[in-house]
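Descriptive structure summary
Each chain, written out:
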Amino acid sequence: LGCLYIGAVFYSLLISSIASILNSANMSNRIFEEKLGKLDDYMRSQKLPAALREKVKDHFHMQHSDGKLFDEEEILKNVTPILKREIISYKNREIIVKVPMWQ
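Below: a short report on this structure.

Assigned secondary structure in the protein chain consists of five helices and zero strands. Each helix (α) and strand (β) of the protein chain, taken in turn from the N terminus, gives the series α-α-α-α-α. The burial tally for the protein chain puts 10% of its 103 residues in the buried class. As displayed, the protein chain has an accessible area near 9000 Å², and 63% of this comes from carbon and sulfur atoms.

The next subject is the environment of R53. Relative to the assigned elements, R53 resides in helix α2 (residues 50-63). Spatially, the C-alpha atom of R53 lies 9.9 Å from that of Y42, the residues being 11 residues apart in sequence. The residues contacting R53, other than those within four sequence positions of it, are D40, M43, R44 and L48.

A positive phi angle, close to 55°, is found at K47, a residue other than glycine. As for its position among the elements, K47 is in the loop between α1 (2-45) and α2.

In this structure the tally under the stated criterion is four salt bridges. Among the salt bridges present, the one from K38 reaches E34, with a minimum N-O distance of 3.6 Å. In this pair, K38 and E34 are both assigned in helix α1, four residues apart and thus about one turn of the helix distant. With a shortest N-O distance of 3.9 Å, K57 and E54 are connected by a salt bridge. With K57 and E54 both in helix α2 and three residues apart, the pair spans about one turn of that helix. A network of salt bridges, in which partner residues are shared, links D40, R44, E54 and K57.

A contiguous nonpolar surface patch, about 500 Å² in accessible area, is contributed by Y11, L14, I15, I18 and L22. With respect to the helices, strands and loops of the structure, Y11 is situated in helix α1.

Let us look at the packing of aromatic side chains. Across all of its chains, the model carries one aromatic pair by this definition. With a centroid separation of 5.3 Å and 20° between ring planes, the pair formed by F32 and F60 is classed as stacked. Highlighted residues: F32 in helix α1 and F60 in helix α2, separated in sequence by 28 residues. The exposure class assigned to F32 is buried, which follows from its relative accessible area of 5%. Over the ring of Y90 we find R93; its NZ or CZ atom is 3.9 Å from the centre of that ring.

Turning to the side chain of D40, a few remarks are in order. Here D40 lies in helix α1. A polar side-chain atom of D40 sits 3.2 Å from a polar atom in the side chain of K57. The contact partners of D40, leaving out residues within four places of it in the chain, are R53 and K57.

About the thresholds
Residues numbered from 1 in each chain as written. Predicted model: local features only at pLDDT ≥ 70, side-chain atom pairs only at ≥ 80, totals over all residues. Heavy atoms only, no water. Helix = DSSP H or I, 4+ residues; strand = E, 2+ residues; numbered from the N terminus. Buried < 20%, exposed > 50% of the residue type's maximum accessible area, 1.4 Å probe, protein only. Areas by Shrake-Rupley, 256 points an atom, 1.4 Å probe, with all protein chains shown as cover. Contact = heavy atoms within 4.5 Å. Salt bridge = Lys/Arg side-chain N within 4 Å of Asp/Glu carboxyl O. Patch = residues over 30% accessible without salt bridge, like charges linked within 9 Å, V, L, I, M, F, W, Y side chains within 5 Å. Phe/Tyr/Trp six-rings, centres within 6.5 Å; stacked < 30°, edge-to-face > 60°. Lys NZ or Arg CZ within 6 Å of the ring centre and 35° of its normal. Polar contact = N/O pair within 3.5 Å; in protein donor to acceptor, adjacent residues only side chain to side chain.

These figures come from the coordinates and say nothing about function on their own.
Here it is as structure tokens:
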């Protein structure tokens, strides 16, 4: 009987963990969609041409392709200079490889 209760407790913990993960994923997606909506409202209020609005939306999607919004400057400001240089080097590795001076 005791094993049954322990199993039920672990099952409820598993379900609550899964629900929490799904909720946090939905929250970041909701924030992304909200920002995209505000951006679209702004562009419509400024009467920007449809082609320009599409370019801006495409840029927004490219910047936040995984649906997560990060303030990269804020993140980099809070790491050590060595880590900052390492992160920037990694992000720009494709360019660094192509320029002989930086190899």
